[in-house]
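What follows is the residue order along each chain.
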Amino acid sequence: MSVDPEHTAGRGTRASHREIADALRDRIGSGELRPGRRLPTQTELAGQFGVERAVVRRALGELHRDGLLSGVGKGGPARVARRPPPSPAASPQPTAAGLGPRVAAAFAAPQVRIDALCMTSVSLTLAVGEQLRLIHSGELKPAKIDVRVLLPGRRIGLAFPAPADADDGGLLHERWLAVRNAQGMVLRENLLALRATHGIDVRVAFRALPFTPPVKLYLLNDAEALLAYYTLGRREREYGGERLRLYDADGTRSTLFAFGPCARGRDAVFVRESRRWFEALWGTISSELELTP
């Protein structure tokens, strides 16, 4: 909802902090406020919208939590984030294309929190990798990064990948486990290295699920939930020098649906319930996971 400050003041009704946030969000989305540009001061915005500065501060705080602004509360005017998050109304995309911009938006906040439930963490490792590059180049410096990942346990009988013909399940399991461990170790070690190189408070944890997840779920900064289905198909792949026919899903191509980041109504309920589901799995039936051969 876009608010015309003059119209709002003229009708004798003061804008709420949500209306101000929506008006500024519209300006950012339209390109009127470009990435990196300074906003007017809180006093100037209060005058434009005919409200107290406290109302403006709440609006700016909301946009900051959504990853749209940087420098809020640091003594000067806030700036539009250099990588504002994509519109929640954008069309769903394959995970490989859609996850990166969402993770980038999460890393625009001073405290980054990512929880993921997936098969191997390949997509997450790729998405986080670009943000690590920006941190090392000095373009980003979050104060804290907290990442938790739920992956299938090594000893369960996987529902997929599964052989379509002969019983080659053992070979498929070994191959999946090698990918799971390798990707998890890359993600963990690259993030933990930020402690020594940049003094960032980093926490990374993995736990094992006793089942094969039929979906992948990403929860970003407690504000957004991303969901994709592992849709199985009959495929042929080469393992150990032999061609195997199997049932499997290509997780990087799974269509990713976004709920949020400015979660309201049904989206807000979905984000909240997804958080509850993840926390329940993390705190009950999951177990310690070892990323070793």
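Scoring rules and cut-offs
- Throughout this description, residue numbers start from 1 for each chain and increase along the sequence as written.
- Restriction of local features to residues with pLDDT of at least 70 applies here, the model being predicted, together with a cutoff of 80 or more for giving and counting side-chain atom pairs; totals for whole chains, interfaces and linings are based on all residues.
- The basis for every side-chain value is the complete set of non-hydrogen atoms in the structure, without hydrogens or water.
- Predictor confidence is given residue by residue as pLDDT, running from a minimum of 0 to a maximum of 100.
- Working rule for contacts: check all heavy atoms of both residues, and any pair within 4.5 Å makes them a contact.
- Classification of ring pairs uses Phe, Tyr and Trp, with its six-membered ring standing for Trp, and accepts pairs whose centres are within 6.5 Å; under 30 degrees between planes counts as stacked, over 60 as edge-to-face, and the remaining range as tilted.
- Helix and strand labels come from DSSP, where a helix needs a run of H or I of at least four residues and a strand needs a run of E of at least two; each type is numbered from the N terminus.
- Using a 1.4 Å probe on the protein chains alone, a residue whose accessible area is under 20% of its type maximum counts as buried, one over 50% counts as exposed, and one in between counts as partly exposed.

Caption draft 1: Summary view of the confidence of the model for the protein chain. Averaged over all residues, the pLDDT of the protein chain is 85; the fraction at 70 or higher stands at 87%. Note that pLDDT drops below 50 for residues 1–12; the model gives that stretch 17 contacts with residues more than four away or on any other chain.

Caption draft 2: Inspection of the packing of aromatic side chains at higher detail. Taken as a whole, this structure holds three aromatic pairs when the rule is applied. Ring centres of Phe259 and Phe270 lie 3.9 Å apart, and the angle between their planes is 25°; on these two criteria the pair is classed as stacked. Taken together, the residues Phe259 in strand β12 (residues 255–259) and Phe270 in helix α8 (residues 265–283) connect sequence positions eleven residues apart. For the ring pair Phe278 and Trp282, a centre distance of 5.9 Å and an interplane angle of 20° mean the geometry is stacked. Note that Phe278 and Trp282 are positioned in helix α8 at a spacing of four residues, about one turn of the helix. In this structure, Phe278 and Trp282 share a single accessibility class: buried.

Caption draft 3: View of unusual backbone geometry. In this chain, Phe160 is followed by Pro161 through a cis amide linkage whose omega measures 0°. With respect to the element layout, Pro161 can be found in the loop between β5 (144–152) and β6 (162–163). Phi is positive for Asn221, close to 55°, though the residue is something other than glycine. Inspection of the secondary structure puts Asn221 in the loop between β8 (215–220) and β9 (224–229).

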